[in-house]
Amino acid sequence: MEAGERARGRFTIPAGLPAFSTCLVAEAVGQLACWAAMARAEFRQRPVAALSGETRIVGAVAPGETLDLGVEIDSCDSDAVAYGGWARVAEIPVLELRRCVGPMLPMEDFDAPEAVREDFGTLCGPGAPPSRFPGVTAPDFSLIDVIPGQRLRAAMQVSASAPFFADHFPRRPVFPATLLLDTQIRLALRLAEETLPPGQRLWPARVADLKMRSFILPGHAVEIEAGIRSATDAVAEVTLTATVDGKRVATGRLEIVSRGPG
């Protein structure tokens, strides 16, 4: 750890989990960048997810595997942190984040600074116990509007009391942007299955211009939409949006590619 400059970390995915989403890998990289930024700010401020210029999803991970994580901080001040990062398993690339920006907000609004400082000491020393992470399931969704091969719109209900809110965050619970993205990707893959030639193995290869415009809170009813922007026999570009009470809270683009016959 070089506060405000770079950091390296390691996370072993608990072997007992049924699966581990690549969106949670992105969460792990983002959290590592948060620790570097919070340490630089002496735990008076913390960043929150806002912008991601590009996320490249290269491979999948499995329970029991160990992620090697790295971040490079491009800039870090009282306004925002800008960074890029990566995740690997046994030197094999899994995911890469580029041109990410998180605004710095008062730590006391989200968590007790002394508790965060104590957690930082644990992570820089023995590390958290493997049993600390019991797994998390992204919310399910139900379709509410379908234009075959063009657009899917769905309703997603955020739990009012999910266990992860105890960490994200104790004083101001916020639905993680990565769990929203996981749900949006599942919706987009369903749309791509209707658009690309049948029988293909589809892969969410690249997320671009992802922007969180406002927080999603416990109990919020969210509408998510995936729309085909362009498509060939091998690649579909899908627009992603999320709204709460008619207000757009998140936007982005997803590139889905065919990896050959399924």
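Residues numbered from 1 in each chain as written. Predicted model: local features only at pLDDT ≥ 70, side-chain atom pairs only at ≥ 80, totals over all residues. Heavy atoms only, no water.

**Some remarks on the pattern of salt bridges**
Cut-off, in case you're wondering: Whenever Lys or Arg places a side-chain nitrogen within 4 Å of a carboxyl oxygen from Asp or Glu, that contact is recorded as a salt bridge. Exposed residues in this analysis have more than 50% of their type's maximum accessible area, buried residues have under 20%, and partly exposed residues fall in between, with area computed by a 1.4 Å probe over protein chains only.
Tallying each qualifying case throughout the model produces 17 salt bridges. The shortest N-O distance in the salt bridge between Glu 2 and Arg 6 comes to 3.0 Å. For Glu 2, a relative accessible area of 41% corresponds to the partly exposed category. Residue Arg 44 is joined to Glu 42 by a salt bridge in which the shortest nitrogen-to-oxygen separation is 2.8 Å. Here the salt bridges do not stand alone but share partners, grouping Glu 54, Arg 56, Glu 96, Arg 98 and Arg 206 into one network.

**A closer look at unusual backbone geometry**
Rule in force here: Secondary structure follows DSSP: runs of H or I at least 4 residues long count as helices, runs of E at least 2 residues long count as strands, and numbering of each begins at the N terminus.
In this chain, His 168 is followed by Phe 169 through a cis amide linkage whose omega measures 5°. Structurally, Phe 169 can be placed in the loop between β8 (151-157) and α3 (177-195). A positive phi angle, near 50°, is found at Ala 90, a position not held by glycine. Along the chain, the position of Ala 90 falls in the loop between β5 (80-89) and β6 (92-106). A residue is classified by how much of its surface remains accessible, and Ala 90, at 61% relative accessible area, is exposed. Of note, the phi angle at Asp 245 is positive, near 55°, even though the residue is not glycine. Classification of Asp 245 by relative accessible area gives exposed; the value is 76%.

**Overview of the side chain of Thr 241**
To keep it simple, the criterion reads: Should any heavy atoms of two residues lie within 4.5 Å, those residues are considered in contact.
Secondary-structure assignment places Thr 241 in strand β11 (residues 235-244). Residues contacting Thr 241, with those up to four places away along its chain left out, are Gln 184, Glu 223, Ile 224, Glu 225, Arg 248, Ala 250 and Thr 251.

**A few points about the packing of helix α1 (residues 22-40) against helix α2 (residues 113-124)**
Spelled out, the test is: The angle between two axes is taken between their N-to-C directions and runs from 0 to 180 degrees, where each axis is a line fitted to C-alpha atoms and a helix contributes only its stretch in contact. Oblique is the label for every angle not falling under 35 degrees (roughly parallel), over 145 degrees (roughly antiparallel), or within 65 to 115 degrees (roughly perpendicular). Handedness of a crossing is defined here by the sense of rotation of the near helix relative to the far one, left-handed for an anticlockwise turn of less than a right angle and right-handed for a clockwise turn.
Contact geometry of α1 with α2 gives a least axis separation of 11 Å together with a crossing angle of 120°. Taken together, the axis directions place α1 and α2 in an arrangement best described as oblique. In this structure, α1 meets α2 at a crossing whose hand is left-handed. Where α1 approaches α2, its residues Trp 35, Met 38 and Ala 39 are matched on the opposing element by Val 116, Asp 119, Phe 120 and Leu 123.

**Quick word on the packing of aromatic side chains**
Which entries qualify depends on this criterion: Side-chain rings of Phe, Tyr and Trp (the six-membered ring for Trp) are treated as a pair once their centres are within 6.5 Å; stacked means planes under 30 degrees apart, edge-to-face means over 60, and tilted covers the remaining angles. By definition, being over a ring means that NZ of Lys or CZ of Arg is both within 6 Å of the ring centre and within 35 degrees of the ring normal.
The tally for this structure, following the rule as stated, stands at nine aromatic pairs. Residues Phe 11 and Phe 133 carry aromatic rings whose centres are separated by 6.2 Å and whose planes lie at 80° to one another, so their mutual orientation is edge-to-face. With Phe 11 in strand β1 (residues 6-12) and Phe 133 in the loop between α2 and β7 (142-147), this residue pair connects regions lying 122 residues apart in the sequence. Taking relative accessible area as the criterion, Phe 11 reaches 27% and is therefore assigned partly exposed. An aromatic cluster of at least three residues, connected via ring pairs, comprises Phe 11, Phe 20 and Phe 133. In this arrangement the basic side chain of Arg 88 is found over the ring face of Trp 86, its NZ or CZ atom lying 3.8 Å from the centre. A cation sits over an aromatic face here: Arg 259 above Trp 203, 4.1 Å from the ring centre.

**Brief notes about the nonpolar core**
How we decide: We define the nonpolar core as a collection of buried residues of types Ala, Val, Leu, Ile, Met, Phe, Trp, Tyr and Cys that are connected through side-chain atoms lying within 4.5 Å of one another.
Core analysis: the largest hydrophobic core is formed by 68 residues, its most contacted members being Phe 175 and Leu 180. With ten residues, the single largest contributor to this core is α1. Phe 175 has contacts with Pro 139, Met 156, Val 158, Phe 164, Phe 165, His 168, Leu 180 and Ile 216, leaving out every residue within four places of it along the chain. One finds Ala 39, Phe 43, Met 107 and Phe 120 within the second-largest nonpolar core, a separate group that totals eight residues.

**Focus: the pairing of strand β3 (residues 51-57)**
Put simply, the rule is: Strand pairing requires that DSSP identify at least two bridges connecting the strands.
Burial runs high along β3: five of the seven residues are buried. Relative to β6, β3 is paired through six bridges, and the arrangement is antiparallel. Among the inter-strand pairings, Ile 57 is bridged to a residue of β6, identified as Leu 95. When β3 meets strand β9 (residues 200-212), the two strands line up antiparallel, connected through five bridges. When the bridges of β9 are listed, Thr 55 appears paired with Val 207.

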